[in-house]
Amino acid sequence: PLRGYLEGQSNARLKGYTLRIGAVDFSPWNFSLDLFRVTIVQDAHPTPPVAEIPRLDFNVQWRSLLFGRIVADMEVKSPRFFVDLEQLREEWTDPVGMEKRGWQDALLAIYPLHVNELEVTDGALTYLEVEAEKPLQITRALLVARDIRNVASRPGTYPSPVHFEAAVFDTGRAVFDGHANFLLTGGVTAPPA
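Residues numbered from 1 in each chain as written. Predicted model: local features only at pLDDT ≥ 70, side-chain atom pairs only at ≥ 80, totals over all residues. Heavy atoms only, no water.

## Thoughts on the pairing of strand β3 (residues 32-42)
Direction of pairing for strand β1 (residues 17-20) relative to β3: antiparallel, over a ladder of 4 bridges. Of the residues in β3, the one forming a bridge with Tyr-17 is Gln-42. Between strand β2 (residues 23-27) and the antiparallel strand that follows it, β3, lie 4 residues; Phe-31 among them carries a positive phi value of about 60 degrees. Of the pairings in the sheet, the one linking β3 to strand β4 (residues 51-60) comprises 7 bridges and is antiparallel in character. (Pairing = 2+ DSSP bridges. Helix = DSSP H or I, 4+ residues; strand = E, 2+ residues; numbered from the N terminus.)

## Describing the pattern of salt bridges
In the structure shown here, the tally under the stated rule is 8 salt bridges. For Asp-57, the salt bridge identified is with Arg-55, shortest N-O distance 2.9 Å. For Asp-57, a relative accessible area of 4% puts it in the buried group. A salt bridge links Arg-63 to Glu-117; the nearest nitrogen and oxygen atoms lie 2.5 Å apart. With Arg-63 in the loop between β4 and β5 (72-77) and Glu-117 in strand β7 (residues 115-128), this residue pair connects regions lying 54 residues apart in the sequence. (Salt bridge = Lys/Arg side-chain N within 4 Å of Asp/Glu carboxyl O. Buried < 20%, exposed > 50% of the residue type's maximum accessible area, 1.4 Å probe, protein only.)

## Some details on helix α3 (residues 103-110)
Among all positions in α3, only Ala-106, Ala-109 and Ile-110 are buried. Angular distribution of buried residues about the axis of α3 spans 100 degrees; they occupy a single face of the element. Against the buried residues of α3 lie α1 (2-13), β1, β3 and β4. (Arc of directions from axis to C-beta. Contact = heavy atoms within 4.5 Å.)

## Quick notes on unusual backbone geometry
The omega torsion of the bond from Thr-47 to Pro-48 falls at 0 degrees, within 30 degrees of zero and hence cis. Of note, Pro-48 is situated in the loop between β3 and β4. Non-glycine residue Asp-122 carries a positive phi angle of around 55 degrees. Of note, Asp-122 is situated in strand β7. Take Asp-122: its relative accessible area is 36%, and that puts it in the partly exposed class.

Written out as structure tokens, the structure reads:
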């Protein structure tokens, strides 16, 4: 029953996409939630799916209680993201912008705490093009973003350390280390000196 409820609540908030959950494991003792076989499809072009996520874990971030905040950690294990030209065209022509698709509301419908730390392990992104000899791929991706909700940082700073690394086209390597303010609204501004 919980699986169907979470799926229904999440899909009621999404616009243009549908989320499916294969199984759910909830622990009331520590308020952790594990989702298995999560699939996200674009309604207009459901093949290929936008994402296939074998496992998605939510946990209370207990150390944030020291700062008087109740937030979550989210771990995404071995996600596979797919993009093709038809899906991109749909996004470009749809009057509902990506920021108004309801992703945050859908996430909160699944787990009611705001995510403060995100870790994606063994991720992959594949761009499929019909005429291409070989798809464009990023594999073995690792993404870690901490302090997303600005729990432990001074106001007005760009507190969230972000680390990303991945294999590009099997032989190349991409690495990024920096900081971001995920809560910034009204455009991008330079960080304070």
